[in-house]
Each structure stands twice: as C-alpha cells, then as structure tokens.
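# Remarks on the overall topology
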Amino acid sequence: MIVSKQPVLRKFWYPVVQLARLGEKPMPFTLLGENIVLWKTADGVACLKDRCCHRTAKLSLGFIEDGAVVCGYHGWTFDATGACIRIPQQPDQKVPAKAKVPAYRTQIKYGYVWVALDEPLSDIPVIPEASEPGFRQVHQFYETWNIGALRLMENSFDAAHVAFVHRGTFGDVQSPRVGDRSIDEKPWGFVSRQSNDVKVRGDLAQKAVHTSDGKTTRHTESEWYMPFVRRSSIHYPHGLIHVLVTCATPMTDDTSMILQWVYRNDTEADVSTAEVIAFDRAITFEDKTILESCEADVPLSIVDDEELHMMSDKPGLVMRRMLTQLLKSHGESEQRLTA
Ligand code: FES
Ligand SMILES: [Fe+2]
C-alpha cells in the first residue's frame, strides 16, 4: 500500500509531535508525503501547508510573531486559518483575499498534537487509562524509522516474532509456539486477546515487571485503530498493568514517525521514568533493526497468498482485508467508523 497515493488515509487523526517538544520556532513535519508546519498559538496549535503562497518558500524557515507565522523570505504573515494578514512591504494596501495557505485540523490529546489533513472518518482513539486515577504516563519514543507504517502495525500484533527478534530480552527461542489469539472486528479496527509466557532477563526487566522470577505470564488485550494506532493493555500477575500506545505516523511511503507512550499503575519509586524508557527501548530497538531490514512497503494483496502465512499472521491479514475494504469504499459510501 503506497500510503501517499491513498487519499482516504488523509481522513484520520495522526499524532505528529509531543506538545512539550513544540518550541518557539515553527516545526516542519511530513505527513503522508505532505509538508506541513506547526506552531503553538494562544488557543492550541496551528498547522498549515509548509509552502508560502507568494514564492513558495517553506514557512517553517520563518518565525513566529504574535501567534502568526512569518515567512522567512519576504515576511508575508499567516494566521492559524492560513490567511495572509500582512505584507510588510506594502502596509497601506489591502492584503488580497487569494493570499492564503491551506490549513489543517489539529487537536491536543494525551500530551500530543494530532493532525488530520481532511475531514476525519473517526475520532482520536479513547485511552481510558489516560484519565483513570492510579496511572502515570511515560513518554517513550519519538523517532523516524525507515519502514512503512503498516509493517510496524502488523509487527505490534505479531506474537510469532517474539521468540526470535526478542531472544536477547523477553523472547525464548526454545519456545516458539504462540497461544491462540482472538480477534473481534469493529468498524474502526479490532480488539485482540492473547496470553503468553515470557522470559524476564536481568535486573532492569525484573524491576520493570515487578518480579524476581526469570519468567512471567502476560495477558494482553490490544486494539488496532485504523490505520496505524495500537493500544496494548498488558496485565501481569500481582496486578501490574502496562498500557502501551504505539503509533506509526506515516511520513512518506517508506518512513514512519514512531511515537510510543505507556500508562503504568505503579510509581516512580517502584521504577523510575528513565528505567521504564530503558526497558522498552531495549525491546523496541530489536524490532527496529529487523523491521528496517524488510521492504518498507507491503502489497495488500499478500492476503491472497495463503501458503506464505502462519496461523499467527492473522492480525496482519485482517488489517490488510479491512484496509482494502476502506480503500475500495473511499468515494463510494464513506461512513464514520464509530463503535
Ligand atoms: S515567499 Fe514567502 S513572503 Fe515571499
Ligand atoms: Fe517486537
């Protein structure tokens, strides 16, 4: 699926940056091949196409003044709606109505700036733990990977890779079998449940999962939200819960911004923020290395090639089937993908 060639993918919310990372300067980002620029305003965050309507300079090379972005080439100034509000060289003349840059919707949720390039078909996924008492949020990753977003999503529901890719952390190459996984399809994606025994190697891992044993059992309930967001709620014995939110925001056809944060029902005194990040970083780095070795894009038609699948590939196949239906219905009968 070449993401930049699928206009329906513009109709979803994507997290693009943690709000705390937006500074004094306009920030460039590439979403689905579209160059955009973001900056903080008094009401929230503005997002425009990163292309001045005068002589096409990138607005992200300019600066912010009074909540508006000033083009670094000749100073034309644009507000959050994309309207040009000032041409400094001719202050006495009216700014032409045509002097406008496309503006995009933004929302701030879970401490992140979310952007939709067109009217969204669904809302930003609801993460109950974000507002439940007893959970803390740890921001874990914000990095560009050289891989298409669908590859990352299918990997995050792929129990079969754990024994091999994660043999240095929590996988066990001697136990490659995986348990049954249920998949309950929804208009917006699916809910999946699975239980797995995993290794707990080293002091950091034991601290992170609150055990002094070398192994534990994880009961996982995960949702896939079309197209590229996963919420994975992992329950350990003794009541520890990790809720991982993993987003593969499609930048180009073969690069994705990986944003991940976690909600945990323990405290800084149990495991520090730095330790939580280090624990999951070691695991995620194993995924990065192997994923970036794959071809970035994957044809949706792989669903038809039955001999090349294992039982445990089912989530990725369901994703492809649902995305194929979404792409087919685009322009025919677009419905909001609500529960
Ligand atoms: S190109 Fe932006 S003001 Fe001239
Ligand atoms: Fe993994």
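Residues numbered from 1 in each chain as written. Chains lettered and ligands numbered in written order. Predicted model: local features only at pLDDT ≥ 70, side-chain atom pairs only at ≥ 80, totals over all residues. Heavy atoms only, no water.

### Thoughts on the overall build of the protein chain
For the record, the criterion: Put simply, DSSP H or I for four residues or longer makes a helix, DSSP E for two residues or longer makes a strand, and each gets a number counted from the N terminus. Only protein chains enter the calculation, and the probe is 1.4 Å; a residue is then buried if its accessible area is under 20% of its type maximum, exposed if over 50%, and partly exposed in between. Every residue pair with non-hydrogen atoms within 4.5 Å of one another is taken to be in contact. Shrake-Rupley sampling with a 1.4 Å probe provides the accessible areas, and residues are treated as covered by the protein chains on show and by no other component. Positive charges come from Lys and Arg alone, negative charges from Asp and Glu alone, with His and the N- and C-terminal ends not counted. Note on charges: their place is set at NZ of Lys, CZ of Arg, CG of Asp or CD of Glu.
Looking only at helices and strands, one finds 5 helices and 17 strands in the protein chain. Its C-alpha atoms give the protein chain principal-axis dimensions of about 75 × 50 × 35 Å. Evaluated residue by residue, the protein chain yields a buried proportion of 50% over its 339 residues. Residue pairs at least 24 apart in sequence account for 59% of intrachain contacts in the protein chain once pairs closer than 6 positions are excluded. Here the protein chain displays about 16,400 Å² of accessible surface, and carbon together with sulfur accounts for 51% of that area. Of the side chains in the protein chain, 38 bear a positive and 44 a negative charge, and the two mean positions are spaced by 4 Å.

### Things to note about the domain arrangement of the protein chain
To keep things clear, this is the line we draw: The start and end points of each domain follow an automatic or database-based domain assignment. Buried surface area refers to the total accessible area, computed with a probe of radius 1.4 Å, that the two partners give up upon joining, counted for both partners together. Here a polar contact is recorded for every N or O atom pair within 3.5 Å, except that within protein the pair must consist of a potential hydrogen donor and a potential acceptor, and residues adjacent in sequence are included only if both atoms are side-chain atoms.
For the protein chain, the assigned domains are domain 1 (3–116) and domain 2 (128–329). If you look at the interface, domain 1 gives 21 residues, while domain 2 gives 21 residues. Its largest share of buried area at the contact with domain 2, domain 1 owes to Val3, Tyr110 and Tyr112, together 27% of the area lost on that side. The interface formed by domain 1 and domain 2 holds 10 residue pairs in polar contact (both at pLDDT 80 or more) in total. Elements supplying a minimum of two residues to the side of domain 1 that touches domain 2: β1 (14–18), β2 (27–31) and β10 (112–116).

### Remarks on the packing of aromatic side chains
The line we're drawing: The rule is short: rings of Phe, Tyr and Trp, with Trp giving its six-membered ring, pair when the centres are within 6.5 Å, and they are stacked under 30 degrees, edge-to-face over 60, tilted in between.
Going through the model one piece at a time under the given rule, you end up with 6 aromatic pairs. With a centroid separation of 5.1 Å and an interplanar angle of 75°, the aromatic rings of Phe157 and Phe190 are classed as edge-to-face. Of this pair, Phe157 sits in the loop between α1 (149–156) and α2 (162–165) while Phe190 is found in strand β13 (residues 189–199), placing the two residues 33 residues apart along the sequence. Since its relative accessible area comes to 1%, Phe157 is described here as buried.

### Concerning the coordination of the iron ion (ligand 2)
Put simply, the test is: Each metal's donors are the N, O and S atoms found within 2.8 Å of it, except that Na, K and Ca use a 3.2 Å limit; water is left out, so coordination can look incomplete. In these descriptions, tetrahedral denotes four donors with every angle between 85 and 135 degrees, square planar four donors and octahedral six donors with opposite donors over 155 degrees apart and the rest between 65 and 115, and irregular any other case.
Every protein donor of the iron ion (ligand 2) is listed here as His161 (NE2), His166 (NE2), Asp287 (OD) and Asp287 (OD), and their distances to the metal cover 2.0 to 2.6 Å. Bound by 4 donor atoms, the iron ion (ligand 2) shows angles of 55 to 151° at the metal and therefore irregular coordination geometry. Read from N- to C-terminus, the donor residues coordinating the iron ion (ligand 2) fall into the pattern H-x4-H-x120-D. Like His161, the residue His166 is buried in the burial classification.

### Things to note about unusual backbone geometry
Between Met226 and the following residue, Pro227, the backbone shows a cis peptide bond with an omega angle of -5°. If you check the backbone angles, His210 has positive phi at about 55° while not being a glycine. By the element assignment, His210 lies in the loop between α3 (202–208) and β14 (215–225).

### Quick notes on a negative patch on the surface
Note the following rule: Patches here are clusters of residues that have more than 30% relative accessible area and form no salt bridge, with a 9 Å joining cutoff for like charges and a 5 Å cutoff for nonpolar side chains (Val, Leu, Ile, Met, Phe, Trp, Tyr). Any Lys or Arg side-chain nitrogen found within 4 Å of a carboxyl oxygen on Asp or Glu counts as a salt bridge.
On the surface, Asp304, Asp305, Glu306 and Glu307 cluster together into a negatively charged patch. With respect to the helices and strands, Glu307 occurs in the loop between α4 (273–291) and α5 (314–329).

### Details of the nonpolar core
For clarity, the cut-off: Residues grouped as a nonpolar core are buried Ala, Val, Leu, Ile, Met, Phe, Trp, Tyr and Cys residues, joined through side-chain atoms within 4.5 Å.
By size, the foremost hydrophobic cluster in this structure holds 67 residues, and its most contacted members are Leu38 and Val115. Counting only domains with at least three residues in this core, you end up with domain 1 (3–116) and domain 2 (128–329). Core analysis: the second largest hydrophobic core is formed by 17 residues, Val209, Ile234, Leu240 and Phe279 among them.

### Digging into the sheet that holds β14
Note the threshold: At least two bridges found by DSSP between two strands are what make those strands a pair. Axes here mean lines fitted to C-alpha atoms, for a helix over just the part in contact, with angles spanning 0 to 180 degrees between N-to-C directions.
If you walk across this open sheet you meet the 7 strands as β11-β17-β16-β15-β14-β13-β12, and the pairing is antiparallel. Where the open sheet ends on each side, the last strands, each with one partner, are β11 (136–145) and β12 (182–186). Neighbouring strand axes in the sheet, compared pairwise and without regard to direction, differ in orientation by 20° on average. Here α5 sits on the sheet and contacts β12, β13 and β14; the angle it forms with β12, its principal contact strand, is near 15°.

### Thoughts on the pattern of salt bridges
Between side chains of opposite charge, a pair can form as their charged atoms come close. Tallied over the entire structure, the rule returns 19 salt bridges. Here Glu154 makes a salt bridge to Arg320, at a shortest N to O gap of 2.9 Å. Here Arg320 lies in helix α5 and Glu154 lies in helix α1, a separation of 166 residues in the sequence. Here Glu221 ties to Arg193 by a salt bridge, and the two come within 2.8 Å at their closest N and O atoms.

### Quick word on α1
It helps to recall that an α-helix has 3.6 residues per turn; residues three or four apart then point in one direction. Along α1, 8 of the 8 residues are buried, which leaves the element largely enclosed by surrounding structure. Here α1 has its buried residues at Ala149, Leu150, Arg151, Leu152, Met153, Glu154, Asn155 and Ser156.

### Description of empty space enclosed by the protein
For clarity, the cut-off: Definitions used throughout: a 1 Å grid over protein atoms alone; a cavity as a set of points that fits a 1.4 Å probe which cannot get out; a pocket as an open set with protein on both sides within 12 Å along at least five of seven lines; a lining residue as one with an atom within 4 Å of a point. Grid points are joined across faces, edges and corners, and a volume is the space filled by probe spheres set on the points. Basically, the charged four are Asp, Glu, Lys and Arg, the nonpolar ten are Ala, Val, Leu, Ile, Met, Phe, Trp, Tyr, Cys and Pro, and anything else, Gly included, counts as polar.
Taken as a whole, this structure holds 1 cavity of 30 Å³ or more when the rule is applied. Approximately 50 Å³ is the volume attributed to the largest cavity. Every residue along the wall of the largest cavity is listed here: Met1, Val3, Gly148, Ala149, Leu150, Arg151, Asp253, Ala296, Asp297 and Val298. Its residues assigned to classes, the lining of the largest cavity comprises 6 nonpolar, 1 polar and 3 charged.

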